[in-house]
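# Working through the structure, step by step
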Amino acid sequence: MLSRRTRLALWQLGRSFSSMLGLGLVLGIVGLALLGPWVVPYPDDVAGAVNIAGKLQAPSAAHWFGTDEVGNDILTRVIIGARLSLLVGVGITLAAAAIGVPLGVMAGTAGGVVREAVMRLTDLFLSVPGLVLAIALVAALGPGIVNAMVALVLVWWPGYVRLAEAKALSLREEPFIEAARVAGASRFRILWRHVLPNSLSPIIVKMSMDVGQAILAVASLGFLGLGARPPTPEWGAMISIARGYLPDWWWYAICPGAFIYVSVLGFNLLGDGLRDILDPRSNRG
Amino acid sequence: MNLTFLFDRVMVAYVARRLALAGVMLFGLVCLTFVIANVAPSDPAALAAGPDAGHSQIEQARREYGLDKPLPEQFLRYVGDLAQGEFGRSVATGRSVGRDLARYFPATLELCLVAMSIGLLVGIPLGMLSALFKDRWLDHLTRIFAVSGIALPPFWFGLLLQLGFATWLGWLPTSGRLGVATEPPEPITGMLLLDSLLRGDPALFAESAGYIILPAVVLSLPCLASILRVNRSEMVECLRADYITAARAHGTVPWRLVAVHALKNAMLPTLAIIGLRWGWMMSSTVLVETVFDWPGTGLYAVSSAIAGDFKPVMGVTLIVGLNFMLANLVVDLLYGALDPRLRDA
Amino acid sequence: MSPGSDGRSADTRGELNRPRETLLAITDYRLAFDSFDGTAQVLDGVSLQLAAGETLGIVGETGCGKSVLARSLLRLNPAPPARVVSGSIQFEGTDILTLSEREMRRLRGRRIAMVFQDPVSYLNPLLAIGPQMTDALRGQHAAAREAQPSRAEARARAAALLASVGLAEPERLLASHPHQLSGGMRQRVLIAMALAGNPALLVADEPTTALDVTVQAQVLALIAGLVRDRGLALLLISHDLGVIAASCARVAVMYAGTIVEEAATATLLRGPRHPYAQGLLAAVPDLDRPDHRPRGIAGSIPNLLRPPPGCRFHPRCALATERCRVEKPLLRQVAPGHNVACHHA
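As the structure is a computational prediction, the values presented were derived from the model and not from experiment.

About the thresholds
Residues numbered from 1 in each chain as written. Chains lettered and ligands numbered in written order. Predicted model: local features only at pLDDT ≥ 70, side-chain atom pairs only at ≥ 80, totals over all residues. Heavy atoms only, no water. Buried < 20%, exposed > 50% of the residue type's maximum accessible area, 1.4 Å probe, protein only. Helix = DSSP H or I, 4+ residues; strand = E, 2+ residues; numbered from the N terminus. Phe/Tyr/Trp six-rings, centres within 6.5 Å; stacked < 30°, edge-to-face > 60°. Pairing = 2+ DSSP bridges. Axes fitted to C-alpha atoms, helices over the stretch in contact; angles between N-to-C directions. Lys, Arg positive; Asp, Glu negative; His and termini not counted. Salt bridge = Lys/Arg side-chain N within 4 Å of Asp/Glu carboxyl O. Contact = heavy atoms within 4.5 Å.

In this section: helix H12 (residues 297-306) of chain B. All names here are of chain B. Counting buried residues in H12 gives 7 out of 10 residues, a clear majority hidden from the surface. Within H12, burial applies to Thr297, Gly298, Tyr300, Ala301, Val302, Ser304 and Ala305. Downstream of H12 by a residue or two, Gly308 has a phi angle that is positive, lying close to 70°.

As enumerated under the stated definition, the model contains 16 aromatic pairs over all chains in all. Residues Trp250 of chain A and Trp168 of chain B carry aromatic rings whose centres are separated by 5.5 Å and whose planes lie at 90° to one another, so their mutual orientation is edge-to-face. One end of the pair, Trp250 of chain A, is in the loop between helix H9 (235-243) and helix H10 (251-278); the other, Trp168 of chain B, is in helix H7 (residues 154-168), on a second chain. On the basis of relative accessibility, which here comes to 32%, the residue Trp250 of chain A falls in the partly exposed class. Measuring from ring centre to ring centre gives 4.6 Å for Tyr255 of chain C and Tyr276 of chain C, while their planes differ by 55°; the resulting arrangement is tilted. Separated by 21 residues along the polypeptide, Tyr255 of chain C in strand E9 (residues 250-255) and Tyr276 of chain C in helix H10 (residues 275-282) bring together distant segments of the chain.

Further remarks concern the sheet that holds strand E12 (residues 338-340) of chain C. Residue and element names in this part refer to chain C. One open sheet holds the 8 strands; their spatial order is E6-E7-E8-E3-E9-E10-E12-E11, and the pairing between them is mixed. Two strands close off the open sheet at either side, each with one partner strand: strand E6 (112-115) and strand E11 (332-335). When strand polarity is set aside, the average angle formed by the axes of neighbouring strands in this sheet is 25°. Pairing of E11 with E12, which is carried by 3 bridges, proceeds in the antiparallel orientation. Residue Arg332 lies in a different strand from E12, and its bridge partner there is Val340.

On to the side chain of Asp195 of chain B. All names here are of chain B. With respect to the element layout, Asp195 can be found in helix H8 (residues 192-199). As a buried residue without a salt bridge, Asp195 has its nearest oppositely charged side chain in Arg199, at a separation of 5.6 Å. The contacts of Asp195, once residues within four sequence positions are left out, are Pro187, Ile188, Thr189 and Gly190.

These figures come from the coordinates and say nothing about function on their own.
See below:
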């Protein structure tokens, strides 16, 4: 028998249509990413076979979303791109959290000079809106998918510092932390046993939302020509090429864009649902 | 709104402190851009000298741009130039970055102001409505709309709108700020909508309004969505508050309960999101301006970044960062105007 | 605090105990709250009567449903989750449970007014006192379809109301925000707001609980004076028998959503018949007999999702027999004007 809390959470999640939709979309994208090469309609196009005769075909029964400028099936290329987008999105989020959360918890519990230093640095990074800073970093590092990832991690970590610091700071005043301190628990024990588990809910919610936003950001850089380079099957880069074939071959841009939208939507809805359950009092944005 | 408190002595001190803090942050930002520019693995001197330049030409370019000096000296020069409004020269075009920014920034500001107006005028009423009809179909619809608004890739959505409204329907122009046939007027503020009004030129106003609609809608969507969501959830909280129960018990009419008593309280967190979203919007201009060929700082930053030309990118970073700081300062002051507890604190 | 209200006697017993026409009659009122865990029977067949100008106290532990009952009179319980199961609330001859929201608004403030527990949370923190009062005043006129007073008129009336509850400098108060006032002043403001529509019934939900002891006495004296001077009927909710003894002619004891005993205050204080009422009295510390230790009641309030069958008090009752476990005791008269719901009384 599950605890009341767990049952309540599952009941809320199951009752919320949008959360279930989010979960379904995320599972769908993860499934495509895992099974990609085995489910695509044209496995030969994965590696980028050239078939000039069949280039830029309109959507048909054979090619649901048409073919691209070298005759590859667009749907195949987009499904293969799911793996890259998902990996990059999850990777950026994990790396940003791995940098930001320890720094934030440290700043929130340590106080004094450490806190000032960490938080001012955080403020500095947050003072330039994300994508502009990412572009500045990519301009310096040079375009490419790896540099785009590095730039986005550098842009993303301060958000986690803010969140973890605020949570740790508010927890520091909580009676049960004080009780643990009075009871003689070591600082590390307090951090590990009390502060971290209690800050986890908003961090999980933020990470779920951020995977979607990171996928969007990587695609944005790809679209601008500062991220993944063709012929890498990256959704943003594909749209950037498709743009050159507008408006006559308009369907080229539809499929990759729809996949970005659906995956970001999935992670956002899921994060939203998780927040309603795990962290009901926080702000939405 | 009562703004007289701004002249209070306490308030002057508060504003001064905030300005000083913004100054420190600005210096930090200057340092940050300098660091970013100097960790770059590529060689700006080589870029400046051109693709076919030999070793000696590259060295000459290096001297010409002051790139041969030690880093501390370069930094001092960078700060000194910035203090005089001099952002350096683009190595790709040789033009002054400061002058470029002055030309491009008003276009971006105009786009953002229009987009923010759309976000506020649609987001706040919709948020209020969905709070009032919580868990009813209207609320579910706005929720889907809001989450979609944040999830839609702006560059893709922009392309779709161009396709639909410009190519197929032909109602609106595809891209740019004005038609090729129209001579842009001598700038007053540089914002075409404002300038055309100042000059009393309704035809120009109509034309530039037509050009700004699509990019502004695309830019406003994520902002509108988050204003809507925050306003909704705050309104839900506020409508449940004890003071609303009391005001209802005392006979206050429903529309005033919602539109004044609850909304005023809900606006505090909404303001914070508006400040944050202003920054997001500034950064989304890089995508929207690219799609719509809007001649602003976003397009300028992207084209320079692709060319590996740092000075313009750093200039845009500084301008956008400064703008974001000012927006947050304004939000802080509006907080004081809205919340009497802060005024007395 | 102004001196005006302090001279008034808190003792209004006897004088107001004359039989008059029935103002309020609650009959077998049942209210449930639906939640994930099931349905809580919060009010389980409450019956009460109140004559015009009469003062009735309702006493009980936290969570016994007395605040929910008070809010029911103005229909302020949010529905859902609240759901009326059965019963009627007759006020001046009409069942308010059958009124439309529009008709209900005509009663709020005008016929029935309410004073709340915690004046901090029941005043809007962002609005000055003036607009909060004038909104209520103008809203009452709007609900009654009368010509609305101008803002200046409403403000003058608000100032007069503030003066009538013993607040000095009413004009300055109207311009103040709640955080600038003391707890006692805030409660006086809330009382003034409740009086704005010249109501027939004043419902006071724990009006002194959030206040300092010294201020409590002043506020109670103020309420008692208003009741006497204006001929108001008073329904005073409190967990503190002392507060009720000081202001009410009659008292009803509530336990887990039912009235278990109802009598003249003096009668009940002298000889409570219900075991719970006896326990409640024994739990009150007696300042005259410091050696006499107050006794608590064993056990705790039942879970209303699964209330005990029969008498809801039986698990905590020393006298409980098999009958108490099966059959719910009804309120019956044991002496003139003295009703008890107990098989053993």
